[in-house]
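# Reading the structure
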Amino acid sequence: MSWGPCFMYYHCEDCGKKFKYAVDMIPVFGDRFGFCPDCGREGAFEQDGARIPNDAEYGEVED
């Protein structure tokens, strides 16, 4: 059984956006991994793992 992708969950302390990155995207984003897709500030890490109960509140950052 697979839990699907593993995510790292963040929120932006500037604009308030909640977002998540799939862990397998680290090589794609490099040093920009974990940064807010709206304002560009480094996100505040919340947690990581399989999908959390309120996952729908977090926008997935894609390349």
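The structure we're discussing is the one just above.
First, a word on scope: everything that follows refers to the structure included in this document. Not measured: the values here are computed from a predicted model.

## Remarks on the overall build of the protein
Summing up its helical and strand segments, the protein has one helix and four strands in all. Along the protein, helices and strands appear, N-terminal first, in the series β-β-α-β-β. Computed over C-alpha atoms, the radius of gyration of the protein comes to 11 Å, within 12% of the 11 Å expected from 2.2 N^0.38 for 63 residues, which places it in the range of a compact globule. Seen along its three principal axes, the alpha-carbon backbone of the protein occupies a region of about 40 × 25 × 15 Å. Put simply, the protein has 63 residues, and 35% of those count as buried. Looking at the protein alone, contacts between residues at least 24 apart form 56% of all its contacts between residues at least 6 apart. Summed over its atoms, the accessible surface of the protein is roughly 4,100 Å², and 49% of this surface lies on carbon and sulfur atoms. In the protein, which carries 6 positive and 13 negative side-chain charges, the distance between the mean positions of the two groups comes to 4 Å.

## As for the packing of aromatic side chains
For the structure on display, the rule yields eight aromatic pairs. Arranged with centres 5.6 Å apart and planes meeting at 15 degrees, the rings of Tyr 10 and Phe 19 form a pair that is stacked. The exposure classification of Tyr 10 matches that of Phe 19, with both residues buried. A centroid spacing of 5.7 Å and a plane angle of 70 degrees characterise the contact between Tyr 10 and Phe 45, whose relative ring orientation is edge-to-face. Here the residue Tyr 10 occupies a position in strand β1 (residues 7–11), and Phe 45 occupies one in strand β3 (residues 44–49), the gap between them amounting to 35 residues. On the basis of relative accessibility, which here comes to 45%, the residue Phe 45 falls in the partly exposed class. By way of ring pairs, the aromatic residues Tyr 10, Phe 19, Tyr 21, Phe 29, Phe 33 and Phe 45 are connected into one cluster. Above the face of the Phe 7 ring, Lys 20 is positioned so that its terminal group lies 4.7 Å from the ring centre. Arg 32 extends its terminal NZ or CZ atom over the ring of Phe 35, reaching a point 4.1 Å from the ring centre.

## Describing the pairing of β1
Most of β1 is tucked away: four of the five residues are buried. With five bridges joining them, β1 and strand β2 (residues 18–22) adopt antiparallel strand pairing. Bridge assignment links Phe 7 to a residue of β2, and that residue is Ala 22. What sits between β1 and β2 in their antiparallel hairpin is a turn of six residues, with Gly 16 showing a positive phi close to 85 degrees. As defined by bridge partners, β1 adjoins β3 across five bridges and the pair is classed as antiparallel. Looking at the pairing, Tyr 10 lines up with Phe 45 of β3.

What counts, and at which threshold
- Residues numbered from 1 in each chain as written.
- Predicted model: local features only at pLDDT ≥ 70, side-chain atom pairs only at ≥ 80, totals over all residues.
- Heavy atoms only, no water.
- Helix = DSSP H or I, 4+ residues; strand = E, 2+ residues; numbered from the N terminus.
- Rg over C-alpha atoms; globule rule 2.2 N^0.38 Å.
- Buried < 20%, exposed > 50% of the residue type's maximum accessible area, 1.4 Å probe, protein only.
- Contact = heavy atoms within 4.5 Å.
- Areas by Shrake-Rupley, 256 points an atom, 1.4 Å probe, with all protein chains shown as cover.
- Lys, Arg positive; Asp, Glu negative; His and termini not counted.
- Charge placed at Lys NZ, Arg CZ, Asp CG, Glu CD.
- Phe/Tyr/Trp six-rings, centres within 6.5 Å; stacked < 30°, edge-to-face > 60°.
- Lys NZ or Arg CZ within 6 Å of the ring centre and 35° of its normal.
- Pairing = 2+ DSSP bridges.

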